[in-house]
Amino acid sequence: MTRPAKPESVLRDESRQFAMLVNSVTDYAVYMLDPTGVIQTWNPGGQRIKGYVAADVVGTNFSRFYLPEEAEIGLPERNLRTAAAEGRYIGEGWRLRQDGTRFRASVVIDPIWEDGELMGFAKITRDITERHEAQEQLLQAQRDLLQAQKMEAIGKFTLGLAHDFNNLLTIVVNCLDLISMRVKDGAVAKLIDTAQRAAERGALLTRQLLTFGKGQTLVPEAVDLAAMMAECEALLRRSAGAAIALTVEIPRGLPTLSLDKAQLEAAVLNLVCNSRDAMPKGGTITITASARLTRDPTLPNAAKSPYVCLSVQDDGTGIEVDQQVRVFEPFFTTKPIGRGSGLGLSQVFGFTAQSGGFTELKSEPGKGTCVSLCFPAPEH
Ligand SMILES: Nc1ncnc2c1ncn2[C@@H]1O[C@H](COP(=O)(O)OP(=O)(O)OP(=O)(O)O)[C@@H](O)[C@H]1O
Ligand SMILES: [Mg+2]
């Protein structure tokens, strides 16, 4: 007859088994905290994920793994309180490894009670950085695709409208020309003149809309960016005004591009005017160009290929993040009536796209904006 095992030996066995289990887990950091968050135990998973060995961390507060700004506002303590009050804390967040790098952590904290007294917490952390990054990339790709589809739809709509208005305005302008030849009377001639100027302004707007809808008839010619920018530097300087320091630094030897020069000049002028408007108290505009191996963000599956990018950078107000996706839409403007029609960046967007390239916007509120026109470099 076998005697029942002594309760202590069962316990010893169980705790040994438990220790073996925890110590063989390397994919999860499994450790215990005292009620104030001081680390009591450590396992190989903790070492693998966070880089620390047990001697580094046991006896210190687990808040050391949090980002300093989150530790400062008391997030570690709050998570412990949640676990104690609600029976469990489950969350996701950025944590720090020993080498200072960040990782995305999936965290579970369970309170340990004994006879109604809080003894501490069991904490399990998993490194989900890769999964998180994959999810972020997927979300970004979906957002890019949606944005591209939206711009395509607005472009089609705009193109249809612009074509019709162009035809109508051509008739109006021609008729006004014919009338003005016959009417020499002073007062009526003045009215005709006003109507002609309004019709011309309308024609200019429709041309910009045509460009946005990629319906402009482009007349490509060989463009050497350095030479072209040297030609229009004086005009850009005048447009920027005396309060702004404009620097043009185009390296020599960039590939010659095949582009509509008039449209390119209009695009650069639009960008310089935007930068000027974003710096009412003055500042700097830097125009640069570079050869880049990159891909069109609207074609995420395309392989990287050579582009030449012309960038206009300023240190002005920058653009609010929620507005950054909208600035290329026709008629989107934050300027008062009469100051902006919201067609400048639409022209830039349509022109680069119709030329086979793309526009890149980088802007930080309070710091400045950089818009790059990227054109495919010709094959050799
Ligand atoms: N460099 C910049 N810095 C800060 N905000 C900018 C800059 N460029 C554009 N923006 C923002 O984007 C909006 C749209 O620009 P866009 O050039 O299309 O139109 P606009 O300048 O308002 O009018 P238009 O160019 O037709 O005169 C601007 O109203 C402004 O809010
Ligand atoms: Mg503008």
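Numbering of residues starts from 1 in each chain and follows the order in which that chain's sequence is written. The naming scheme follows written order: chains are lettered A onward, ligands numbered 1 onward. In keeping with the model being predicted, local features are shown solely for residues with a pLDDT of at least 70 and side-chain atom pairs are shown and tallied solely at 80 or more, while totals for entire chains, interfaces and linings include all residues. With hydrogens and water stripped out, all remaining heavy atoms of the structure feed into the side-chain values.

**Focus: the sheet that holds strand S2 (residues 89-96)**
The strands that make up a sheet are held in pairs by hydrogen bonds between backbone atoms, and each pair lies either parallel or antiparallel. An order of S1-S4-S3-S2 is seen for the four strands of this open sheet, with the pairing classed as antiparallel. The open sheet has two edge strands with one neighbour each: strand S1 (28-33) and S2. Put simply, the sheet's adjacent strands are angled 30° from each other on average, direction ignored. By this definition, two strands are paired if DSSP reports at least two bridges between them. Put simply, DSSP H or I for four residues or longer makes a helix, DSSP E for two residues or longer makes a strand, and each gets a number counted from the N terminus. Across six bridges, S1 lies against strand S4 (residues 117-127) in antiparallel orientation. Residue pairing in the sheet places Leu33 in a bridge with Phe121 of S4. Residue contacts are counted whenever heavy atoms from the two residues lie within 4.5 Å of one another. Where helices are involved, their axes are fitted lines through C-alpha atoms of the stretch in contact, as for all axes, and angles between N-to-C directions lie from 0 to 180°. Contacting S1, S2, strand S3 (102-114) and S4, helix H5 (residues 75-86) crosses the sheet at an angle of about 45° to S3.

**What to know about the environment of Leu205**
Note on placement: Leu205 falls in helix H7 (residues 186-212). Each residue's exposure class comes from its accessible area (1.4 Å probe, protein chains only) as a fraction of the maximum for that residue type: buried when under 20%, exposed when over 50%, partly exposed otherwise. Looking at Leu205, the relative accessible area reads 26%, which means it is partly exposed. For Leu205 and Arg64, which are 141 residues apart along the polypeptide, the C-alpha to C-alpha distance reads 59 Å. Not counting the four nearest positions on each side in its chain, Leu205 is found in contact with Ser341 and Leu343.

**Details of the nonpolar core**
Nonpolar cores are built from buried Ala, Val, Leu, Ile, Met, Phe, Trp, Tyr and Cys residues. Side-chain atoms within 4.5 Å join them into one set. Ranked by size, the top nonpolar core spans 41 residues in total, and within it Leu225, Leu264, Ile287 and Leu310 carry the most contacts. Of all the secondary-structure elements, those providing two or more residues to this core are helix H8 (225-240), strand S6 (244-249), strand S7 (257-260), helix H9 (261-277), strand S8 (283-294), strand S9 (305-314), helix H11 (344-354) and strand S11 (368-376). Per-element accounting of this core gives the leading share, seven residues, to H8. Discounting residues that sit within four places of it in the chain, Leu225 has contacts with Ile250, Leu254, Leu257, Leu264, Ala289, Val308 and Leu310. Among the nonpolar cores identified, the runner-up in size contains 20 residues, and Ala29, Trp42, Tyr89 and Phe103 belong to it.

**Considering H11**
Within H11, nine of the 11 residues are buried, which leaves the element mostly enclosed by the surrounding structure. Listing the buried residues of H11 in full gives Gly344, Leu345, Ser346, Gln347, Val348, Phe349, Gly350, Phe351 and Thr352. Where the residues of H11 are buried, they touch helix H6 (129-182), H7, S7, H9, strand S10 (358-364) and S11. Within two residues after H11, Gly356 carries a phi angle of roughly 90°, on the positive side.

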